[in-house]
Amino acid sequence: MEPLERYRPIIDDFEAFLSACKRPLGTAVRVNTIKASPERAMATLEEAGLEYEQAAWHPTVLEVETDSPGGTWASYHGFTHGQEVVSSVPAVVLDPQPGERVWDSCGAPGGKATQIAALMDDRGTVVANDSNLGRLSALRFNAERLGVTSMVVTNQDARNYSLKPLAFEEFDRSLVDAPCSCEGTIRKNPDALEEWSLEHVDSVSGIQKGILRRAIQATREGGTVVYSTCTFAPEENEAVVDHALREEECRVVPFDLDLEYRSGVTGWEGEEFDPSLEETMRIYPHHNDTGGFFVAKLEVTA
Amino acid sequence: MSDTKDELEANVGQRFGRLPETPDDRTVEGRVSREEVLEYFEDRFAIPPETFDGHTFWEKGAGKIWIYAGESPSPVEIEALGMTCLRTRQEHWKPTTDFVQRFGAHAGACVIELPRAEAERFVDGEDQRVEWDGDWGYLIAAHEIGVEPEGRPVGDGESAERSPREAAVEGDLEPLGVGLYVHGELRSMVPKGRQRGL
């Protein structure tokens, strides 16, 4: 927990935050509406005697009383997909529409990319990319199990992504769910902080900036880019978005969800960020009993 | 029209090529056409051809057919395009478990309903003796699950125009996967990675 001490100045009720970080995370699934309505998925869980609770902020997000969400009929049929509650947030914020061209730049293992396809009623083109070939097999397995037919899978470095293999030259929307120091997954992976170092935070933030910039460039004017991480470090969150605001044609747009969250910070360790970073979202473990998460929504302006 | 090797290109295993509309449009040797794929699904499983109006079919690897809803140039070298749906270039064509789970609710023939205990054995990969007086060969195994009090499962999600299930003829059965029925025995074709002990 030591590395988290640095966030004491920006997190209210810090002791509650720390104790939430020490509690294991409950099990959650996302209903895959390509194969079943939330009602049918819930009926299938009920038949198996499983208790669940539907999230207030989205009908497809269910917290389930089970240790093996993958060992149910609902999972076998692809009605549900094991997905942490906060991990369902960025695709909802991205708000993709049927028929659109959407890029998931860091798409493996596919929870968010398949959610994007489901939000589009499996119509349009979801380009799921990942630089790691090994992780792509998990993505493909998940996409097929969930019945996704609108997905293209590519294997490139997102920082200099080429749209050449695709049928079009820009995306309507892009998701950058960036590789990060994963501090917010501490409840799921108790050793998440063991390898923590400021050097790693700084080096990964360079990669994040590169991917976010490429996503903005590859998205059409008026299109949407969502940037998310599962970490608390402002270096990997607000500072990355601030960098994009300075280097690319884009602006932060406000959004809301029916869950408890805090605004993004507008300064960190002597560095000032654009005031619009207040419109970004920080989700802390002690507020909704989830993992930690950061989400920013951008509009491409040229 | 017969294929001759000097007229047609060879299939390139590493890239996706879109299926020609009809056998007459064929430019790649041995490649099936969209028409033949739709005929197969209709003849064998009574899946109406219009089920696939929003989809294109592609070949990558010899005889491996993929179904795709999005946009793409052809041919294209890419990791994946939609999902694998059918194995051709062999005597008996074989649909995939994932395809059958996605589109099998539209089928009106060669669907075998399994009671819960048999369904559990099927998804665990077991072969079993079952009663079936229809055709031998590949069948869609299905069972009833998640049926709401009103009787029928509701369509997908919130929006009015949801895709796969709405037009389903036998909407109350949920496909489990592909089975091979021979000599009074239903052999589970559920791939190892998809098998579950439920």
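Since the model is a prediction, treat every value here as computed from it, not as a measurement. (Residues numbered from 1 in each chain as written. Chains lettered and ligands numbered in written order. Predicted model: local features only at pLDDT ≥ 70, side-chain atom pairs only at ≥ 80, totals over all residues. Heavy atoms only, no water.)

1. Observations concerning the overall build of chain B
The number of helices and strands found in chain B is 3 helices and 11 strands. When the elements of chain B are put in sequence order from the N terminus, they spell out β-α-β-β-β-β-β-α-β-α-β-β-β-β. The proportion of buried residues among the 198 residues of chain B is 50%. Here the contacts in chain B between residues at least 6 apart in sequence split such that 61% fall between residues at least 24 apart. Carbon and sulfur atoms make up 44% of the accessible area of chain B, which amounts to about 9,100 Å² in all. (Helix = DSSP H or I, 4+ residues; strand = E, 2+ residues; numbered from the N terminus. Buried < 20%, exposed > 50% of the residue type's maximum accessible area, 1.4 Å probe, protein only. Contact = heavy atoms within 4.5 Å. Areas by Shrake-Rupley, 256 points an atom, 1.4 Å probe, with all protein chains shown as cover.)

2. Quick look at the interface of chain B and chain A
For an interface, size is often stated in terms of accessible area lost upon the parts coming together. Of the residues lining the interface, 52 residues belong to chain B; the matching set on chain A comes to 45 residues. Counting the surface lost from both chain B and chain A, the interface buries some 3,900 Å², and carbon and sulfur atoms represent 50% of this. Three residues stand out in chain B for area buried against chain A, namely Glu-71, Glu-79 and Arg-196 of chain B, and they jointly supply 16% of the buried area on that side. Two residues, Arg-101 of chain A and Glu-71 of chain B, come together in a salt bridge whose shortest N-O distance is 2.7 Å. At the boundary of chain B and chain A, one finds 21 residue pairs in polar contact (both at pLDDT 80 or more). Contributing elements (two or more residues each) for the side of chain B that touches chain A: β3 (64-68), β4 (80-81), β5 (83-87), α2 (97-103), α3 (116-123) and β10 (174-182) of chain B. Sorting elements by how many residues they give to the side of chain B that touches chain A places α2 of chain B first, with 5 residues. Residue composition of the side of chain B that touches chain A, grouped by class: 22 nonpolar, 14 polar and 16 charged. Of the pairings in the sheet, the one linking strand β7 (residues 151-154) of chain A to β4 of chain B comprises 2 bridges and is antiparallel in character. The partner of Val-153 of chain A across the bridge, within β4 of chain B, is Ala-80 of chain B. (Buried area = accessible area lost by both parts, 1.4 Å probe. Salt bridge = Lys/Arg side-chain N within 4 Å of Asp/Glu carboxyl O. Polar contact = N/O pair within 3.5 Å; in protein donor to acceptor, adjacent residues only side chain to side chain. Nonpolar A, V, L, I, M, F, W, Y, C, P; charged D, E, K, R; others polar. Pairing = 2+ DSSP bridges.)

3. Here's the deal with the sheet that holds strand β2 (residues 52-54) of chain A
Residue and element names in this part refer to chain A. Pairing is antiparallel across the open sheet formed by 4 strands, whose spatial order is β2-β3-β1-β4. The open sheet has two edge strands, β2 and β4 (80-82), and neither has a second partner. Strand-to-strand twist of the sheet, defined as the mean angle between neighbouring strand axes without regard to direction, takes the value 30°. (Axes fitted to C-alpha atoms, helices over the stretch in contact; angles between N-to-C directions.)

4. A word on the sheet that holds strand β7 (residues 111-113) of chain B
Strands sit in the order β7-β9-β10-β11-β8 (chain B) across an open sheet of 5 strands; the sheet is mixed. Edge positions in the open sheet fall to β7 and β8 (128-129) of chain B, since each of these has one partner strand only.

5. As for the pairing of β10 of chain B
All names here are of chain B. With 9 of 9 residues buried, β10 is to be regarded as a mostly interior element. Bridge count between β10 and strand β11 (residues 185-188): 4 bridges; the pairing is antiparallel. Note on β11: the bridge partner recorded for Val-182 is Glu-185. Taking the residues that link successive antiparallel strands as the turn, the β10-β11 hairpin has 2 residues, and the phi of His-183 there is positive, at about 50°.

6. Some words on the environment of Glu-29 of chain B
The residue Glu-29 of chain B is located in the loop between β1 (17-18) and α1 (34-45) in this model. Separated by 10 residues in the primary sequence, Glu-29 of chain B and Glu-39 of chain B have C-alpha atoms spaced 20 Å apart.

7. Some points on the nonpolar core
Judged by nonpolar contacts, the single largest core of 95 residues is most densely connected at Leu-212 and Val-241 of chain A. A per-element tally of this core places strand β15 (residues 293-300) of chain A first, with 6 residues. Setting aside residues no more than four positions away along its own chain, Leu-212 of chain A makes contact with Val-176, Val-225, Tyr-227, Val-240, Val-241, Ala-244 and Leu-298 of chain A. By size, the runner-up hydrophobic cluster in this structure holds 51 residues, among which are Val-29, Leu-62 and Val-64 of chain A together with Tyr-40 of chain B. (Core = buried A, V, L, I, M, F, W, Y, C linked by side-chain atoms within 4.5 Å.)

8. Describing the packing of aromatic side chains
Throughout the structure, instances matching the rule amount to 23 aromatic pairs over all chains. Judged by centre distance (4.8 Å) and plane angle (80°), the ring pair of Phe-16 of chain B and Trp-66 of chain B falls under edge-to-face. With a gap of 50 residues between them, Phe-16 of chain B in the segment before β1 and Trp-66 of chain B in strand β3 connect regions that are remote in the sequence. Under the relative-accessibility criterion, Phe-16 of chain B is labelled buried at 0%. Over the ring of Phe-103 of chain B we find Arg-102 of chain B, and its NZ or CZ is 4.6 Å from the ring centre. It is Arg-194 of chain B that lies over the ring of Tyr-76 of chain A; its NZ or CZ is 5.3 Å from the centre. (Phe/Tyr/Trp six-rings, centres within 6.5 Å; stacked < 30°, edge-to-face > 60°. Lys NZ or Arg CZ within 6 Å of the ring centre and 35° of its normal.)

9. Thoughts on the layout of surface pockets
Residue and element names in this part refer to chain A. Size it by volume and the largest pocket reaches roughly 1,000 Å³. Ala-108, Pro-109, Lys-112, Arg-135 and Asp-177 are, among the 45 residues lining the largest pocket, the residues nearest its centre. Taken together, the elements giving at least two residues each to the lining of the largest pocket come down to β1 (27-31), β4, α5 (111-119), α6 (133-145) and α7 (198-217). Among the residues making up the lining of the largest pocket, the classes are represented as 16 nonpolar, 19 polar and 10 charged. (1 Å grid on protein atoms, 1.4 Å probe; cavity = no way out; pocket = protein on both sides within 12 Å on 5 of 7 lines; lining within 4 Å. Points joined across faces, edges and corners; volume = space filled by probe spheres on them.)

10. Topic: the pairing of strand β5 (residues 101-104) of chain A
Residues and elements named next belong to chain A. The pairing of β5 with strand β6 (residues 125-129) spans 4 bridges and is classified as parallel. The residue bridging Asp-104 from the neighbouring strand is Ala-128, located in β6. In this fold, the crossover linking β5 to β6 by way of α5 has right-handed handedness. Both β5 and strand β8 (residues 171-177) contribute to a ladder of 3 bridges, which runs parallel. Bridged to Val-102 within β8 is Arg-173. (Right-handed = clockwise from strand over helix to strand, strands pointing away.)

11. Some points on the pattern of salt bridges
Within this structure, the stated rule accounts for 30 salt bridges over all chains. In this structure, Arg-213 of chain A and Glu-248 of chain A form a salt bridge, with 2.7 Å as the shortest nitrogen-oxygen distance. Note that Arg-213 of chain A is positioned in helix α7 and Glu-248 of chain A in the loop between α8 (238-247) and β10 (250-252), a separation of 35 residues in sequence. Among the residues examined, Arg-213 of chain A registers a relative accessible area of 27% and is labelled partly exposed. Overall, the relative accessible area of 14% leaves Glu-248 of chain A in the buried class. Between Arg-31 of chain B and Glu-59 of chain B there is a salt bridge, with its nearest N and O atoms 2.7 Å apart. With Arg-31 of chain B in the loop between β1 and α1 and Glu-59 of chain B in strand β2 (residues 56-59), this pair connects stretches of sequence that are 28 residues apart. Using a relative accessible area of 8% as the deciding quantity, one classes Arg-31 of chain B as buried. For Glu-59 of chain B, a relative accessible area of 1% translates into the label buried. Shared partners join several salt bridges into a network, and the residues in it are Glu-5, Arg-8 and Glu-15 of chain A.

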